[in-house]
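Each chain is listed here by its residues.
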Amino acid sequence: MMRWHAVRVLMGKDLRLFFRNRFFAFITVLSLGAFIGIYFALPPTLDETLSLGVYAPGNGTEALLALLEAEEGEGEALDLRLLGSDAALREAVLEEQVLAGLVLPQHLQAALVAGERPTVGLYLRADMPPEMRDMLVGLVEGLALVLSGVPLEIEVHAETLGPDLAGDPLPMRDRMRPLFAVLILMMEVFGLSTLLSEEIVTGTLRALVTTPLRIGELFVAKGLTSVLMALSQALVVMWAMGALGQQPLIILTALLLGSILVTGIGFLLAASARDMLSVTGLATLVLLILSIPPLGVLFPGLFTGWVRLIPSHYLAVVVHQAANLGAGWAQVWQPLLILLGFNIVLVGTGVAVLRRRFA
Amino acid sequence: MTEHAIVAENLTYRYGELVAVDDVSFYVKQGEILGFLGPNGAGKTTTVRMLTGQSRPHEGRALLLGLDIAQDTSAVQAQIGVCFEVTNLYEQMSAAENLALFAQLYDVRNLDVDALLRRVGLSGRERDRVGAYSKGMKQRLMVARALAHQPRILFLDEPTEGLDPVSAEAIRNLVLEERERGATVFLTTHDMLEAERLCDRVAFIHQGRIAALDTPHSLKQRYGTRLVEAQVATESGALETRQIVLDEPETPGALQSLFSQEQVVTIHSREASLEDIFIQITGRGLA
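Predicted model, so just to flag it, every value in this text is computed and none were measured.

A description of the overall build of chain A should follow, citing residues and the corresponding values.
What chain A contains, in helices and strands, is 15 helices and 4 strands. Burial analysis of chain A (359 residues in total) assigns 46% to the buried set. For chain A, the share of sequence-separated contacts (at least 6 apart) that also reach a separation of at least 24 residues comes to 77%.

Printed below as a string of structure tokens:
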């Protein structure tokens, strides 16, 4: 029968030791402050306006300009700026005042109607992604077709699958919430694995197991302390970032499972490492691996299916879907179940390896 | 109530191919101090680990207060106190916090920390972090930790190893006090003088086996040789040592001729030490 009194005593001791370790206390406060600070330093909205500089010397370009201005007037996606010279247009692109520059030749419309192939200049910023360049080329070609009198007779029916974020795009900082969740949970791995490793190296664990304390009670105490520390920090960060507003229960469940996940990893690291240095090295490696899946949320399409082999993928997916897209239990139960499976395997293996190391 | 506090039956423990403890059997009576003597690597600490539930014997069993340590581990551990060879205290915590933590794990209520620290000579330092303590102070605190729940059996693994004479003497006195209280003490050491002074019986352990087990007096009688050692002055004025073995037929004659033919400067009898006997039995010293 579990002696909860002993478990509570050990948890109190571990929490005391954690906060007496100036390094851990400093890192904890620093990371909490840094993550929240970074979140609020990033813009709260996503600026999707396409700023386009245009240089149109001479006559014969009015019709295309009128079409572009009409596009600008229809929504806020296009911001048109007319510039007085080719040099001014180049400068505007180079100084990042506009995303791209368009040079319209004289008598453009007449040339198009006559079936000629006039050249339209396009200045692009060096960091422009290729898909944006293709989109601009397509825009100009489409407008040219209209001007040539042979508009494309096609109706495009667009349908958004999943939550429609058109008009309310997800800002980058909200896309980073899963990354922050994984990072703050992983900070706890450093603390737990170092505390455990220290207990093994200094022999205090040996002193504990000669008391009536059972080894199971010891693991429960260590595990609960770790989960409590990780979960409370992750909740603070998610609350500060407004991630608990839509689906608090799902976020809480995901973070709880994430806390158990890092506890299992902490057990494994403590059993493998010999000292603080090796704990830090191994934990950094694990941190890097676990940080990969949230980057997929940040930059969709970055990774292929292999990322599903990393357990933090399922945590990132649930946090993203619930906090950013308002997904309910029906959408997230599967990744939560898989995360639970990873937890059982990792905690079970961690306890077994640690028990073996200690024996 | 069982007469024997500890009964070890055919205890065996291996580290891979190496047999660290090899078929060891012995008993310790209640209220007795048993010295477990042997050089480093002889199997002392491994034996303590099996007796205190830290390691399971690969063969044999150990009964403490009538209970099998492998079966009733927690019940036995509630009755024993262990002081380790290597310091293993929480150095970020104070002495008082260390004692309170372990007292809570033993379900001890109303622990008088001040009185306990006074017993081990650490009064007034209870709020200091253990990391700032000297080695002797840490060792005394480890003894205090082992005594916090007034155990019926006390295991002390090399408790005075590397300590200053004052700290070592303080710990020896505590061991004797514990025996007065009625506790059984299992003391591992390779300090033969300490063993001779403290222990009711001693066991010599060598290469994982018990080579001899008896009272120090009986071991000396059985294995030791009593001598008379005299310093005599030669004609040139130099000093020479003469040894005469006692308890032999020619001893009286040899003594008579010593005094009649030589100029005796000093003379005293000398008993074999436990170390001499250990060397005689095992063929090697304790270092």
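Tell me about the overall build of chain B, and please be specific about residues and values.
What chain B contains, in helices and strands, is 10 helices and 13 strands. For chain B, the spread of C-alpha atoms along the three principal axes comes to 75 × 45 × 40 Å. In chain B, buried positions account for 49% of the 287 residues. Summing over all exposed atoms, chain B offers an accessible surface of approximately 13,200 Å²; the carbon and sulfur share of this is 46%.

How would you explain the layout of surface pockets if you had to name every residue and give the values?
The volume enclosed by the second largest pocket comes to roughly 570 Å³. Every residue lining the second largest pocket is counted, 20 residues in all, and those nearest its centre are I215 of chain A together with G53, Q54, R56 and T73 of chain B. Where the lining of the second largest pocket is concerned, the elements lending two or more residues are helix 15 (329-358) of chain A together with helix 2 (73-77) of chain B. With 3 residues, helix 2 of chain B is the single largest residue contributor to the lining of the second largest pocket.

With reference to specific residues and values, describe the nonpolar core.
The biggest cluster of nonpolar side chains holds 102 residues, and the ones touching the most others in it are I6, F26, F155, F186 and F204 of chain B. Among the nonpolar cores identified, the runner-up in size contains 48 residues, and A230, L255, L269 and A283 of chain A belong to it.

Go over helix 10 (residues 215-240) of chain A with me, naming the residues and quoting the values.
Because each turn of an α-helix spans 3.6 residues, side chains separated by three or four positions in sequence point in the same direction. With 26 residues, helix 10 of chain A extends 38 Å between its outermost C-alpha atoms, agreeing within 8% with the 38 Å of an ideal straight helix rising 1.5 Å per residue. One or two steps after helix 10 of chain A, the chain reaches G242 of chain A, where phi turns positive at roughly 70 degrees.

I'd like a rundown of empty space enclosed by the protein, residues and numbers included.
Residue and element names in this part refer to chain A. By the definition in use, this model includes 4 cavities of 30 Å³ or more. Computed from the structure, the largest cavity encloses a volume of approximately 70 Å³. Lining the largest cavity are D14, F18, E188, G191, L192, L195, K222, T225, S226 and M229. Secondary structure elements with two or more residues in the lining of the largest cavity: helix 1 (4-20), helix 8 (177-202) and helix 10.

Explain the interface of chain A and chain B to me, using residue names and the numbers behind them.
Taken together, the contact between chain A and chain B spans 23 residues of the former and 26 residues of the latter. Both sides of the chain A and chain B interface together cover about 2,100 Å² of buried area, and 57% of this is carbon and sulfur. Applying the counting criterion to the chain A and chain B interface returns 3 salt bridges. Notably, a salt bridge pairs R3 of chain A with D107 of chain B, separated by 3.2 Å at the nearest N-O pair. Where chain A meets chain B, there are 11 residue pairs in polar contact (both at pLDDT 80 or more).

I'd like a rundown of the packing of helix 8 of chain A against helix 14 (residues 312-325) of chain A, residues and numbers included.
Residues and elements named next belong to chain A. Their axes nearest at 8 Å, the elements helix 8 and helix 14 cross at an angle of 135 degrees. The angle between helix 8 and helix 14 falls in the class oblique. Crossing of helix 8 against helix 14: the hand is right-handed. Taking contact as the criterion, the partners of R177, P178, V182 and L185 in helix 8 are, on helix 14, S312, L315, A316, V319, H320, A323 and N324. Classifying every residue of the contact of helix 8 with helix 14 by side-chain character gives 7 nonpolar, 3 polar and 1 charged.

Explain the sheet that holds strand 13 (residues 263-270) of chain B residue by residue, including any values.
Residues and elements named next belong to chain B. What the 3 strands build is an open sheet, ordered 12-11-13; its pairing is antiparallel. The open sheet has two edge strands with one neighbour each: strand 12 (239-245) and strand 13. When the angles between neighbouring strand axes are averaged without regard to direction, this sheet yields 20 degrees. Note that strand 11 (residues 227-233) and strand 12 share 7 bridges and pair antiparallel. Following the sheet pairing, E229 is matched in strand 12 by Q243. Strands strand 11, strand 12 and strand 13 of the sheet are contacted by helix 9 (residues 251-261), whose axis makes an angle of about 160 degrees with strand 12.

Give a detailed account of the side chain of E194 of chain B, specifying residues and quantitative values.
Residues and elements named next belong to chain B. With respect to the element layout, E194 can be found in helix 7 (residues 192-198). Residue classification places E194 among the buried residues on the basis of a relative accessible area of 3%. Contact partners of E194, with chain neighbours within four places excluded, come to T160, R172, L187 and T189.

I'd love a proper account of the packing of helix 8 of chain A against helix 12 (residues 276-290) of chain A, names of residues and values included.
All names here are of chain A. Taken N-terminus to C-terminus, the directions of helix 8 and helix 12 make an angle of 155 degrees; their axes are 10 Å apart at the nearest point. Taken together, helix 8 and helix 12 sit at an angle that is classed as roughly antiparallel. Where helix 8 crosses over helix 12, the handedness of that crossing is right-handed. Residues V182, L183, M186, V189, F190, S193, T194 and S197 of helix 8 pack against M276, V279, T280, A283, T284, V286, L287 and L290 of helix 12. Tallied by class, residues from the contact of helix 8 with helix 12 come to 11 nonpolar, 5 polar and no charged.

Provide a residue-level description of the packing of aromatic side chains, including the pertinent values.
Under the counting rule described, the total for this entry stands at 13 aromatic pairs over all chains. Consider the rings of F18 of chain A and F24 of chain A, whose centres lie 5.4 Å apart with planes at 15 degrees: the pair is stacked. In this pair, the class of F18 of chain A matches that of F24 of chain A, namely buried. Following the ring pairs from residue to residue traces out a cluster consisting of F18, F19, F23 and F24 of chain A. For R145 of chain B, the ring lying beneath its charged end belongs to F102 of chain B, and the centroid distance is 4.7 Å. Just above the ring of Y27 of chain B sits the side chain of R201 of chain B; from NZ or CZ to the centre is 4.6 Å.

Describe the sheet that holds strand 7 (residues 153-157) of chain B, listing the residues and the values that go with them.
Residue and element names in this part refer to chain B. Strand order in the open sheet made by the 6 strands is 6-7-8-3-9-10, with mixed pairing throughout. Two strands bound the open sheet, and with one partner strand each, they are strand 6 (80-83) and strand 10 (209-214). Along the sheet, successive strands turn relative to each other by an average axial angle of 15 degrees, direction set aside. Bridge count for strand 6 against strand 7 is 4 bridges, and the pairing is parallel.

Lay out the pattern of salt bridges with the relevant residues and their values.
Residues and elements named next belong to chain B. Enumeration according to the criterion identifies 31 salt bridges over all chains in this entry. Between E196 and K220 there is a salt bridge, and its shortest N-O distance comes to 1.9 Å. With E196 in helix 7 and K220 in helix 8 (residues 216-223), the pair connects residues that are 24 residues apart, well separated along the chain. Exposure remark for E196: the relative accessible area of 26% places this residue in the partly exposed category.

Explain helix 10 (residues 274-282) of chain B to me, and be specific about the residues and the numbers.
Residues and elements named next belong to chain B. Where helix 10 is concerned, the buried positions are L274, I277, F278 and T282. The buried residues of helix 10 all sit within an arc of 110 degrees when viewed along its axis, so they share a single face. Contacts from the buried residues of helix 10 go to strand 3 (33-37), helix 7, strand 9 (201-206), strand 10 and helix 8. Downstream of helix 10 by one or two residues, G283 has phi in the positive range, about 80 degrees.

Cut-off values and rules
- Residues numbered from 1 in each chain as written.
- Chains lettered and ligands numbered in written order.
- Predicted model: local features only at pLDDT ≥ 70, side-chain atom pairs only at ≥ 80, totals over all residues.
- Heavy atoms only, no water.
- Helix = DSSP H or I, 4+ residues; strand = E, 2+ residues; numbered from the N terminus.
- Buried < 20%, exposed > 50% of the residue type's maximum accessible area, 1.4 Å probe, protein only.
- Contact = heavy atoms within 4.5 Å.
- Areas by Shrake-Rupley, 256 points an atom, 1.4 Å probe, with all protein chains shown as cover.
- 1 Å grid on protein atoms, 1.4 Å probe; cavity = no way out; pocket = protein on both sides within 12 Å on 5 of 7 lines; lining within 4 Å.
- Points joined across faces, edges and corners; volume = space filled by probe spheres on them.
- Core = buried A, V, L, I, M, F, W, Y, C linked by side-chain atoms within 4.5 Å.
- Expected span 1.5 Å × (residues − 1).
- Buried area = accessible area lost by both parts, 1.4 Å probe.
- Salt bridge = Lys/Arg side-chain N within 4 Å of Asp/Glu carboxyl O.
- Polar contact = N/O pair within 3.5 Å; in protein donor to acceptor, adjacent residues only side chain to side chain.
- Axes fitted to C-alpha atoms, helices over the stretch in contact; angles between N-to-C directions.
- Parallel < 35°, antiparallel > 145°, perpendicular 65-115°, else oblique.
- Left-handed = near helix turned anticlockwise from the far one by under 90°.
- Nonpolar A, V, L, I, M, F, W, Y, C, P; charged D, E, K, R; others polar.
- Pairing = 2+ DSSP bridges.
- Phe/Tyr/Trp six-rings, centres within 6.5 Å; stacked < 30°, edge-to-face > 60°.
- Lys NZ or Arg CZ within 6 Å of the ring centre and 35° of its normal.
- Arc of directions from axis to C-beta.

What is shown is where atoms sit, not what they do.
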